[in-house]
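# Structural features, examined
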Amino acid sequence: DAGITQSPRHKVTETGTPVTLRCHQTENHRYMYWYRQDPGHGLRLIHYSYGVKDTDKGEVSDGYSVSRSKTEDFLLTLESATSSQTSVYFCAISSRLAGGPYEQFFGPGTRLTVL
Amino acid sequence: EDQVTQSPEALRLQEGESSSLNCSYTVSGLRGLFWYRQDPGKGPEFLFTLYSAGEEKEKERLKATLTKKESFLHITAPKPEDSATYLCAVQVGQAGTALIFGKGTTLSVSS
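Summary of the structure given here.

Conventions used here
- Residues numbered from 1 in each chain as written.
- Chains lettered and ligands numbered in written order.
- Predicted model: local features only at pLDDT ≥ 70, side-chain atom pairs only at ≥ 80, totals over all residues.
- Heavy atoms only, no water.
- Core = buried A, V, L, I, M, F, W, Y, C linked by side-chain atoms within 4.5 Å.
- Buried < 20%, exposed > 50% of the residue type's maximum accessible area, 1.4 Å probe, protein only.
- Helix = DSSP H or I, 4+ residues; strand = E, 2+ residues; numbered from the N terminus.
- Disulfide = S-S within 2.5 Å.

## As for the nonpolar core
Residue and element names in this part refer to chain B. Counting residues in hydrophobic clusters, the biggest one holds 22 residues, and the most contacted among them are L33, W35, L73 and Y86. For this core, the secondary structure elements donating two or more residues are β2 (10–14), β3 (19–26), β4 (30–38), β5 (45–50), β7 (62–66), β8 (70–75), β9 (84–92) and β11 (105–110). The greatest single-element share of this core, amounting to four residues, is contributed by β9.

## A word on the state of the cysteines
One pass over the full model with this rule turns up two disulfides over all chains. Between the sulfur atoms of C23 of chain A and its disulfide mate C91 of chain A the distance is 1.9 Å. Its S-S torsion of approximately -70 degrees makes the covalent link between C23 of chain A and C91 of chain A left-handed. Residue C23 of chain A is found in strand β3 (residues 19–25), and its partner C91 of chain A is found in strand β9 (residues 87–96); the two are separated by 68 residues along the sequence. Considered together, C23 of chain A and C91 of chain A belong to a single accessibility category, that of buried residues. Shown here is the disulfide that connects C23 of chain B with C88 of chain B, its sulfur atoms set 1.9 Å apart. Between C23 of chain B and C88 of chain B, the disulfide has an S-S torsion of -60 degrees and is therefore left-handed. Remark: C88 of chain B occurs in strand β9 and C23 of chain B occurs in strand β3; sequence separation between them is 65 residues. Per residue, the accessibility class of C23 of chain B equals that of C88 of chain B, and both read buried.

Structure follows, in structure tokens:
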């Protein structure tokens, strides 16, 4: 268990409304990520963070913003939700074994439906 | 462009019928290749990391291997509880960069 929680776990919202998803970790990892998973596309990176207030864009960042004011929390915001943002969102953290690559561990996901 | 391709998309096996899943990749500067298992409605569960060609890792009925162009996940004598989607991902570039995922192979094992 990598100590990752996501909230909410399920959300239904309407087009045009703002939505914020939260990822919380308990183990002080430096790197955190937001992915979305859609049928036929696999997991795709939205944004990631390499430290407090340090973030960068991923492959599918349009329409999303993120913030990280504390090590343990990484927030994903949809400023004005659209139906194309209906998806399952996963948060991940990165942990490194000595001398190896960073291994990523995932949270349980948030299922978002935009009507 | 960095790319990861998994095959087959779906695989149906009888209990005890061994098989292999394939993950081929075209990337520059591979730092690691990762296998995950994902059950419906859950997040991906980490299985293996492979660093370099020739490396092998095992866990119960699963064995992952890596060459310079592809990785295989061998499943020996599978059981129904091995049914899941198996995801392959690669990490390239500098430390901490995000993973590039394949679309997965959905494995169904019937008794």
